[in-house]
Every structure is written in C-alpha cells, then in structure tokens.
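Structure at a glance
If you want the building blocks of each chain, they are given just below.
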Amino acid sequence: MTEASKFQSADLSLVHEPLTARMRQHWQQCDWDAYKLNDEQLAQFSELGYVSGIPMLDDDYIAALRAELSEIVDPTHPQNALFHEFHSNESSNPAEVLFHSLGHWRIAPHFHDVLWNPRFLVPASQLLGNQPVRFWHDQLFCKPARHGGVVAWHQDYSYWTRTVPMQHLTCWVGLDDANTENGCLHYIPGSHRWGLLEKPELAGDMRGLEEFLNGAQRRQLENPVAVEMPKGHGSFHHPLMVHGSYANRSERARRAFVLNVFADGTRSDTRDVLLKGIPVVPPGEALDGQFFPLLYEKPA
C-alpha cells in the first residue's frame, strides 16, 4: 500500500497535523528559526507588497504533488465533491484553459501537508506581524502548454471581504519553473497602498481591473514586475497587492498552488457560506475548527 492510498476516501480536513512521513519528520526535526525572513526581505514586503524567491519544497516533494495533481484534476475523481470550487476551465475564452480549484488539501495528503510546511509557516507568521497563522483556503492554478489562460489583474482581498478584519496573506508556489514564457506571476509594486478596489472577473479580460483605476494607477499597470522562479519556490504578497499572470504560449505547463491564510481572530462578516460545502459561520464569530485550523503559533 502506498502512502497516498492510505488516505483514499478520507476527508483530510479532519486531520490538523502532517500526515506524510516526510513532512512529519521535517516538522519534528527542523530548525524553525532557519526559515525566518531577514530584515531586507521584511522591508521589501512592507515597501513593495511582496517578497519572492523563497525556497519551499525539494524535488521529491514536488514530484509527489505533481502525481497527486494528475489524479485530482479528473472531475470523476471519487472525492471530487470535497472541492469548494472546481473549474476544469475557468477562462472566459474557450480557446484558452485555466484549471482553478479550491479545497484540494481535503483530498490529497501531500497537498494537505504543505499547509504545515515550516518553510511556509515561519515567514507567514512574520509577515502577519508575528501573529498566529490560521488557514483560509488553498487554490490550484494550472495552465497547459500552448493555450494556457490568463489570471486577470486583481487584489485577493476584493474576493474575501466576507472575512474581517483584513489581516490576510497569500503564498504562491510553482510546481514548474515559471517565467514570462509560460505565464508566471506578475506584480504591480506598491499597489498594496491603492486601497480596496472592485473585483474583476478572475479569468476574464486580463485588463478588466483598469476601469476601476485612476490615471496614475493605469500608468503603473503598464510596468509590472515578472516573478520568475524555479519550481518549488514561493512568493508571498499582501492581500491588496495587484497581481495577475499572462497566457501560457510556451511548450511547457505552468502549474502552481496557492496557500491563503489569515491571522488568528479573523471573523466572518456574512450570513452566507464562506466556502461551498462548509457550515455557515455567523457574522462576528471567529473562524476556527475543521476548515480553518490553526497552523502555527510563534513560540513564547
């Protein structure tokens, strides 16, 4: 029996610790302080709204994630109902493809365990002001070779205003080497100071956000920074950072997962469900429990 097969048919959101042997060992034996961001990196995040090029995963772990991904993208997968969202193609252009989903941590053990990766959690806590880190949701963004779709310019928190206060953080990690040829992540440095904007269609017109910008902001949109990174490296960004990614016209796939977290104490601000398939959290109540586990609390 393989390690992955041991967890078939289980809802892994019920388990709030690493499941796989490799991540359990890393969790128990690592030097947590070794993964701290330095002062220069923290200053960059404050000034520009992002910090990138952070090593997250080795080649063996990436291979395990790719193997799980190849199975769970199949809409007939027996645990497909555990996804909060599942879009074989979310692109508004049928000639382009953008696979996008939320909830795969509930299905695949290695994707489950990246939530507890010390290389992710230590920087995340620092960037949240050294607060305890609680899980919000995960995402997959996959662009096939030659006809991969765009992710339009947007701010993450514009889709998350149902949670308050704004004390959120995003981490993007590539499962392939990412560059301008295959549709890597792009940022507009300093845009995290623009305030909250309206949200465009996420996989629609790349420049749909423009209608909500002033002249100076539109000019800044003309000068994005490409975040080119080797596979297994991550980029953290502020919840108001304007970011997106262009189409993939290369001969290589561009697969990535995203971990979205917030500081402990974040509350619901809606009477609707926060994520499809989970119970309603009444307005004003803190997010915790099965679907929003506490991932990390800095030692006293």
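If you're wondering where the values come from, they're calculated on a predicted model, not measured in any experiment.

Turning our eyes to something else, we now look at the pattern of salt bridges. Inspection of the entire model under this criterion finds nine salt bridges. The partner of Arg207 in a salt bridge is Glu210, with the nearest N and O atoms 2.2 Å apart.

Time to look at the packing of aromatic side chains. Enumeration according to the criterion identifies 14 aromatic pairs in this entry. Aromatic ring contacts, followed pair by pair, group Trp136, Trp160, Phe262 and Phe292 into a single cluster.

Further remarks concern the sheet that holds strand 5 (residues 151–154). Strand order across the open sheet formed by four strands is 5-11-8-9, with antiparallel pairing between neighbours. Of all strands in the sheet, those bounded by a partner on one side alone are strand 5 and strand 9 (225–227). Put simply, the sheet's adjacent strands are angled 25° from each other on average, direction ignored. Where strand 8 (residues 185–187) and strand 11 (residues 243–245) come together, three bridges link them in antiparallel fashion. Residue pairing for strand 11: Tyr187 is matched across the bridge by His243.

Turning to the side chain of Thr20, a few remarks are in order. Here Thr20 is to be found in the segment before helix 1 (21–29). On the basis of relative accessible area, Thr20 is assigned to the buried category, the value being 0%. A polar side-chain atom of Thr20 sits 2.6 Å from a polar atom in the side chain of Asp113.

Let us now look at the packing of helix 1 against helix 5 (residues 118–127). Contact geometry for helix 1 and helix 5: axes closest at 10 Å, N-to-C directions at 50°. As the angle between them shows, helix 1 and helix 5 are arranged oblique. Contacts between helix 1 and helix 5 pair Met23, His26 and Trp27 from the former with Pro118, Arg119 and Leu121 from the latter. The residue inventory of the contact of helix 1 with helix 5, partitioned by class, reads four nonpolar, one polar and one charged.

Here we take up the environment of Glu90. Inspection of the secondary structure assignment puts Glu90 in the loop between strand 2 (85–87) and strand 3 (99–102). The spacing of Glu90 and His100 is ten residues in sequence and 6.5 Å in space, taken between C-alpha atoms. Excluding its chain neighbours within four sequence positions, the residues that come into contact with Glu90 are Leu98, His100 and Ala203.

This part covers the nonpolar core. A general trend in soluble globular proteins is that nonpolar side chains are found buried together. The biggest cluster of nonpolar side chains holds 45 residues, and the ones touching the most others in it are Leu57, Phe111, Phe120, Phe236, Phe257 and Leu295. Broken down by secondary-structure element, the contributors of at least two residues to this core are strand 1 (50–55), helix 3 (59–72), helix 5, strand 4 (133–143), strand 7 (168–174), strand 12 (254–263) and strand 14 (294–296). Core analysis: the second largest hydrophobic core is formed by 16 residues, Tyr50, Leu98, Leu185 and Met229 among them.

With an omega dihedral of -10°, the bond running from Val164 to Pro165 counts as a cis peptide bond. The residue Pro165 is located in the loop between strand 6 (163–164) and strand 7 in this model. Positive phi outside glycine occurs at Asn130, with the angle close to 60°. Residue position: Asn130 is located in the loop between helix 5 and strand 4. Within the chain, Arg146 stands out as a residue other than glycine whose phi angle is a positive 75°. With respect to the helices and strands, the residue Arg146 is situated in the loop between strand 4 and strand 5.

About the cut-offs
Think of each chain on its own: its residues are numbered from 1, step by step along the sequence as written. A pLDDT threshold of at least 70 governs which residues receive local features in this predicted model, and a stricter bar of 80 or more applies before side-chain atom pairs are shown or counted, although totals over entire chains, interfaces and linings include all residues. With hydrogens and water excluded, all non-hydrogen atoms of the structure serve as input to the side-chain values. A pair is scored as a salt bridge if a Lys or Arg side-chain nitrogen falls within 4 Å of a carboxyl oxygen belonging to Asp or Glu. By convention, a stacked pair of Phe, Tyr or Trp rings (six-membered ring in the case of Trp) has centres within 6.5 Å and planes under 30 degrees apart, an edge-to-face pair has planes over 60 apart, and any other such pair is tilted. Criterion used throughout: strands pair if DSSP finds at least two bridges between them. The secondary structure listing takes helices from DSSP runs of H or I that are at least 4 residues long and strands from runs of E that are at least 2 residues long, numbered from the N terminus. Here the axes come from fitting lines to C-alpha atoms, over the contacting stretch only for helices, and the angles between their N-to-C directions go from 0 to 180 degrees. Only protein chains enter the accessibility calculation, which uses a 1.4 Å probe; a residue whose area is less than 20% of its type maximum is buried, one above 50% is exposed, and one in between is partly exposed. Any pair of nitrogen or oxygen atoms within 3.5 Å is treated as a polar contact; in protein, a donor-acceptor pairing is required on top of that, and neighbouring residues in sequence qualify only through side-chain atoms on both sides. Any angle from 65 to 115 degrees is called roughly perpendicular, while one under 35 is roughly parallel, one over 145 is roughly antiparallel, and all others are oblique. Any pair of residues with heavy atoms lying within 4.5 Å of one another is described as a contacting pair. Residues are grouped as follows: Ala, Val, Leu, Ile, Met, Phe, Trp, Tyr, Cys and Pro are nonpolar; Asp, Glu, Lys and Arg are charged; all remaining types, including Gly, are polar. Put simply, a nonpolar core is a bunch of buried Ala, Val, Leu, Ile, Met, Phe, Trp, Tyr and Cys residues held in one set by side-chain atoms that sit within 4.5 Å of each other.

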